[in-house]
Amino acid sequence: MSVEALAPLASPGPVDRVPVLSMRGISKSFGKVQALDDIHLDIFAGEVVAIVGDNGAGKSTLVKILAGVHPADEGEIEFEGQAVQIPDPSTSRALGIATVFQDLALCDNLDVVANLFLGREIAGVALDEEEMEKDAWELLRQLSARIPSVRVPIAALSGGQRQTVAIARSLIGDPRVVILDEPTAALGVAQTAEVLNLIERLRERGHGVVLISHNMADVQAVADRIIVLRLGRNNGDFLASEVGYEDIIAAITGATEHARPLPDPPYRGPRRIGPVA
Amino acid sequence: MADQRRTPGSQTSLREANRGRIVDAVKKHGGLTQVELAGATGLSPATVSNIVKELSESGVLSTSKSMRSGRRAQYVTLAHASGLVCGIHFSQRHLRIALADSSLTVVSEHEMPLARDHRSDNEIRRVGMLVADMLDNVSAERDELLAVAVAVSAPMDAASGMVARPGILRGWEGIAIGDAVERTLRVPVVVDNSSNLSALAEHRLGALRGQDDAMFIEASDGIGAGILVGGRGYRGASGSAGEFGHMVIVENGPLCRCGNLGCLEAIAGGDAVVEGLKSHYSGLKLSDVIVRAMAGDDVCIRAIADAGAHIGVAAANVASMFDPARMVIGGHLARAGELLLGPIRQVVDRSLATRLAPAPEIVAGQLGPRAALVGALSTAAEHSSAFPAVAGPADLRVALG
């Protein structure tokens with residue numbers, strides 16, 4: 001099947017251990033609610049990083065900071081080694097960060113090609129429909145997507161196919177980092193399979209992928225690294241190959257603490273009661 | 001392809017090519033409406049309509065009424081009058097599943113990555129939903145599914161139907177897999193080791209055609225083998241023969257996940273290859289190692305060649321004992337092609353150089369990572385005809401009108 005064929009890959013090149021995207025000491029509060037507190041996060045090219053955590057752990061806020069929806073209050077963001085500010089969504093885009101939100105933001109009445117190139121139409125004097133259709137097929141083929149026709153309106157596609165179109169759209173302009181917010185949340189099993197395969201294709205193409213998900217099975221199936229957030233703080237950064245399901249759940253619920261070691265406190269803190277992990 | 005017989009460029013050949021296009025598109029998507037077919041093939045709706053009508057009269061396609069975006073539509077699928085069979089392959093990190101008709105034409109297929117240490121109950125439930133979804137997609141009724149064969153990437157105990165060795169598929173130990181799948185899908189289920197089924201598939205459709213004494217070696221995350229003796233699969237006394245990956249090739253060697261020391265799998269299996277590269281590259285997956293090796297990365301080429309040399313040692317031992325005519329190498333690692341096969345061949349040839357008969361041929365599998373799935377489908381098809389009680393209800397329905 002085409003799924004198995006080795007897709008034309010971004011040349012693997014040497015592993016550069018410089019993160020594509022790196023966040024240092026990010027904090028964000030909304031009024032008195034401290035949504036994020038001193039978050040550190042590195043994303044490398046060709047790697048799937050899953051961000052997991054309970055509701056209210058700060059996953060969405062973190063994504064929104066990267067997407068330029070809210071600016072961070074404190075902290076630094078480096079993109080390909082350069083310190084950057086992300087004040088608004090268009091800056092985030094221009095840097096090479098593509099975000100696919102949960103609601104996908106597709107236009108139901110337009111066809112696949114129109115959705116893919118919305119706002120970025122290829123045009124001379126008039127729209128070059130042929131060129132856009134060709135590019136659309138090329139992109140969908142690289143993702144091994146099962147879309148019957150690029151000229152059907154989005155309304156006629158299944159949930160998984162819509163997710164595919166939304167992800168394909170984010171890839172136009174060749175971003176370095178693709179952020180997927182709950183891509184499998186509202187999908188059936190077959191569509192979930194499609195999206196998980198798609199995430200593997202993104203990884204093979206050399207994109208850094210950030211996956212936000214509540215589904216541990218999906219996370220463990222595709223992630224290389226799993227980052228746990230708890231109450232707005234880092235609570236663990238695990239290699240997926242070395243960690244079990246129970247360890248992640250323990251970190252999410254706070255049963256174990258994997259906070260980054262803090263600098264020594266200036267005064268001795270009160271003694272902890274109970275077992276120390 | 002099929003239009004070689006016709007005069008090229010003639011009306012008839014064009015029509016035949018168009019028929020081919022339509023059947024290919026339906027095969028690829030499982031089922032499409034006529035409008036979608038027009039989009040997918042680039043043919044005009046009228047041509048599609050004519051050809052679909054013609055092909056459904058000759059029994060190749062079948063159509064049913066459906067709705068798309070509020071409009072009536074003709075939903076076109078491949079005809080499957082004689083019922084469907086299902087093949088499922090659970091490997092360490094992948095699930096593959098396919099529905100095929102009795103002539104083994106695949107009508108619907110899915111594959112997806114699985115978590116490390118996936119659990120049997122979750123995955124069987126997922127398979128239940130996937131099968132329902134796939135049947136729906138090809139507009140088939142539940143009772144058209146006649147038989148299911150499950151390939152499991154672990155040695156199976158014939159008597160109990162359970163995984164025969166702990167530590168290999170950890171989430172699947174201690175359950176009778178066949179019974180559990182049967183409870184979910186409510187059709188007869190056959191379970192076998194994935195390498196055995198791959199050997200069968202390669203024997204029927206792939207690189208082992210015409211070779212009755214031969215062996216299939218699967219080199220993936222784990223290593224296994226299927227043995228053919230006299231054209232039939234050899235399963236041994238307890239059913240778990242062919243544990244090629246758990247042959248000890250280094251006495252007191254590294255610890256294997258099966259608990260033994262010095263197994264081939266602990267030295268040359270996919271996990272071991274990735275582990276060995278850790279000092280150079282962290283966070284690689286086996287597929288990355290292969291891609292890098294094929295792109296010319298020295299360290300990865302060397303790692304795969306080393307794995308090949310170790311597999312070669314084990315293969316030479318087996319070859320001198322049971323003298324197969326051909327050994328087919330399949331699995332993920334085999335995607336590296338000659339980078340893996342070359343070293344295996346070299347070691348086997350050297351070890352058997354003093355023998356009068358030539359050393360066994362070492363060739364790559366033709367069915368790729370789908371071998372076990374194809375084997376499962378063909379086993380299921382065989383069993384579907386061996387269960388008359390199940391084929392019964394469909395006939396009964398016809399008789400009752």
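Residues numbered from 1 in each chain as written. Chains lettered and ligands numbered in written order. Predicted model: local features only at pLDDT ≥ 70, side-chain atom pairs only at ≥ 80, totals over all residues.

**Focus: the overall build of chain A**
Working step 1: Secondary structure assignment for chain A yields 8 helices and 10 strands.
Working step 2: Sequence-distant contacts in chain A: of pairs separated by 6 or more residues, those separated by 24 or more amount to 67%. (Helix = DSSP H or I, 4+ residues; strand = E, 2+ residues; numbered from the N terminus. Contact = placed C-beta atoms within 7 Å.)

**A closer look at the overall build of chain B**
Working step 1: The number of helices and strands found in chain B is 13 helices and 13 strands.
Working step 2: Relative to the 2.2 N^0.38 estimate, which gives 21 Å for 401 residues, the radius of gyration of chain B is 23 Å and therefore close to what a compact globule would have.
Working step 3: The C-alpha extent of chain B, read off along each of the three principal axes, is 70 × 50 × 45 Å.
Working step 4: Taken across its 401 residues, chain B has 48% of its residues classed as buried. (Rg over C-alpha atoms; globule rule 2.2 N^0.38 Å. Buried ≥ 20, exposed ≤ 12 C-beta atoms within 10 Å, placed from the backbone.)

**Examining the environment of B:Val299**
Working step 1: In this structure, B:Val299 sits in helix H10 (residues 298–322).
Working step 2: A sequence separation of 18 residues divides B:Val299 from B:Tyr281, and the C-alpha atoms of the two residues are 9.6 Å apart.

**Describing the nonpolar core**
In globular proteins that are soluble, nonpolar side chains generally tend to be buried together.
Working step 1: Counting residues in each nonpolar core, the largest one holds 194 residues, and the members touching the most others are A:Leu211, B:Val148 and B:Val150.
Working step 2: Residue contributions to this core peak at 9 residues, all from H10(B).
Working step 3: Non-local contacts of B:Val150, meaning those with residues more than four positions away in its chain, are made with B:Ile88, B:Ile177, B:Val181, B:Val189, B:Val191 and B:Ala376. (Core = buried A, V, L, I, M, F, W, Y, C linked by C-beta atoms within 7 Å.)

**Here's the deal with the sheet that holds strand E3 (residues 71–78) of chain B**
Residues and elements named next belong to chain B.
Working step 1: Spatially, E1-E3-E2 is the arrangement adopted by the 3 strands of the open sheet, whose pairing is antiparallel. Each of the sheet's edge strands pairs with one partner strand only, and the pair in question is strand E1 (31–33) and strand E2 (61–68). Within the sheet, the average angular offset between the axes of one strand and its neighbour, ignoring direction, is 30°.
Working step 2: Pairing between E2 and E3: 8 bridges, direction antiparallel. Paired with Lys65 across the two strands is Gln74, which belongs to E3.
Working step 3: In this fold helix H1 (residues 11–29) packs onto E1, E2 and E3, with an angle of close to 120° to the strand it touches most, E1. (Pairing = 2+ DSSP bridges. Axes fitted to C-alpha atoms, helices over the stretch in contact; angles between N-to-C directions.)

**Some thoughts on the interface of chain A and chain B**
It is common to give the size of an interface as the accessible area lost on bringing the parts into contact.
Working step 1: Across the boundary between the two partners, chain A contributes 31 residues, which contact 30 residues of chain B.
Working step 2: Only helix H6 (189–204) and helix H7 (216–222) of chain A provide two or more residues apiece to the side of chain A that touches chain B.
Working step 3: Among the elements that make up the side of chain A that touches chain B, the one with the highest residue count is H6(A) (6 residues).

**Observations concerning unusual backbone geometry**
Working step 1: Phi at A:Asp174 is positive, roughly 50°, even though this residue is not glycine.
Working step 2: For A:Asp174, the location among the structural elements is in the loop between helix H5 (159–171) and strand E7 (177–181).
Working step 3: Here the phi dihedral of B:Asp323 falls at roughly 55°; this positive angle occurs in a residue that is not glycine.
Working step 4: Looking at the secondary structure, you find B:Asp323 in the loop between H10 and strand E12 (326–330).

**Points about the environment of A:Ala45**
Working step 1: Locating A:Ala45 in the fold gives a position in the loop between strand E2 (33–43) and strand E3 (48–53).
Working step 2: Through-space distance from the C-alpha of A:Ala45 to that of A:Glu204 is 9.9 Å; in sequence the pair is 159 residues apart.

**Regarding the pairing of strand E5 (residues 94–101) of chain B**
All names here are of chain B.
Working step 1: The element E5 is extensively covered by neighbouring structure, given that 7 of its 8 residues are classed as buried.
Working step 2: Examined bridge by bridge, strand E4 (residues 84–90) and E5 share 7 bridges and lie antiparallel to one another. Each bridged residue has a counterpart across the sheet, and for Gly87 the counterpart in E5 is Ala98.
Working step 3: Hairpin geometry of E4 and E5 is characterised by an intervening segment of 3 residues between the two adjacent antiparallel strands.
Working step 4: Where E5 meets strand E6 (residues 106–113), 7 bridges bridge the pair, whose relative direction is antiparallel. Bridge pairing in E6 places Leu95 opposite Met112.
Working step 5: The hairpin formed by E5 and E6 contains 4 residues between the paired strands, and Leu104 there has a positive phi angle of roughly 65°.

**So, the sheet that holds strand E8 (residues 189–193) of chain B**
Residues and elements named next belong to chain B.
Working step 1: Strand order in this open sheet of 5 strands is E6-E5-E4-E7-E8, and the pairing throughout is mixed. Each end of this open sheet is capped by a strand with a single partner; those strands are E6 and E8. On average, each strand axis in the sheet is inclined to that of its neighbour by 15°, with strand direction left out of account.
Working step 2: The pairing of E4 with strand E7 (residues 145–152) spans 7 bridges and is parallel. Bridge pairing in E7 places Val85 opposite Ala147.
Working step 3: The sheet strands contacting helix H5 (residues 177–185) are E7 and E8, and the helix crosses E8 at an angle near 145°.

**A few points about the confidence of the model for chain B**
Working step 1: Per-chain confidence: chain B averages 86 in pLDDT, with 94% of residues scoring 70 or above.
Working step 2: Confidence estimates for the predicted assembly give a pTM of 0.80 and an ipTM of 0.78. (pLDDT = per-residue confidence, 0-100.)

**Let's talk about the packing of H1(B) against helix H3 (residues 45–57) of chain B**
Residue and element names in this part refer to chain B.
Working step 1: Where H1 contacts H3, the two axes come as close as 10 Å, and the packing angle between them is 80°. Comparing the axis directions of H1 and H3 gives the class roughly perpendicular. Seen from H1, the contacting residues are Asn18, Arg19 and Ile22; seen from H3, they are Thr47, Val48, Ile51, Val52 and Leu55. (Parallel < 35°, antiparallel > 145°, perpendicular 65-115°, else oblique.)

**A short note on the confidence of the model for chain A**
Working step 1: In the predicted model, chain A carries a mean pLDDT of 83, and the fraction of residues at 70 or more is 87%.
Working step 2: Counting interchain partners and residues more than four positions distant, the pLDDT-below-50 stretch residues 1–15 of chain A has 23 contacts.

**Details of the pairing of E7(B)**
Working step 1: In terms of burial, E7(B) is a largely internal element, 8 of the 8 residues being buried.
Working step 2: Regarding topology, H5(B) serves as the crossover connection from E7(B) to the parallel E8(B), and that connection is right-handed. (Right-handed = clockwise from strand over helix to strand, strands pointing away.)

**Comments concerning helix H2 (residues 34–41) of chain B**
All names here are of chain B.
Working step 1: Of all 8 residues that make up H2, 8 are buried, and the element is covered over most of its length.
Working step 2: Along H2, the positions that sit buried rather than exposed are Gln34, Val35, Glu36, Leu37, Ala38, Gly39, Ala40 and Thr41.
Working step 3: Directly after H2, the chain includes Gly42, whose backbone phi takes a positive value near 80°.

**Notes on the environment of A:Ile51**
Working step 1: Along the chain, A:Ile51 falls in strand E3.
Working step 2: The sequence separation of A:Ile51 and A:Val228 amounts to 177 residues, and the corresponding C-alpha distance is 6.0 Å.

**A short note on H10(B)**
Note on helix geometry: an α-helix contains 3.6 residues per turn, so any two residues three or four positions apart are oriented the same way.
All names here are of chain B.
Working step 1: Its 25 residues give H10 an end-to-end C-alpha distance of 35 Å, which sits within 8% of 36 Å, the value for a rise of 1.5 Å per residue.
Working step 2: For H10, every residue scored as buried is listed here: Cys300, Ala303, Ile304, Ala307, Gly308, His310, Ile311, Gly312, Ala314, Ala315, Val318 and Ala319.
Working step 3: Lining the buried residues of H10 we find strand E9 (214–219), helix H7 (264–268), helix H8 (270–276), helix H9 (286–294), E12 and helix H11 (338–351).
Working step 4: Of the residues trailing H10, Asp323 is marked for its positive phi of about 55°. (Expected span 1.5 Å × (residues − 1).)

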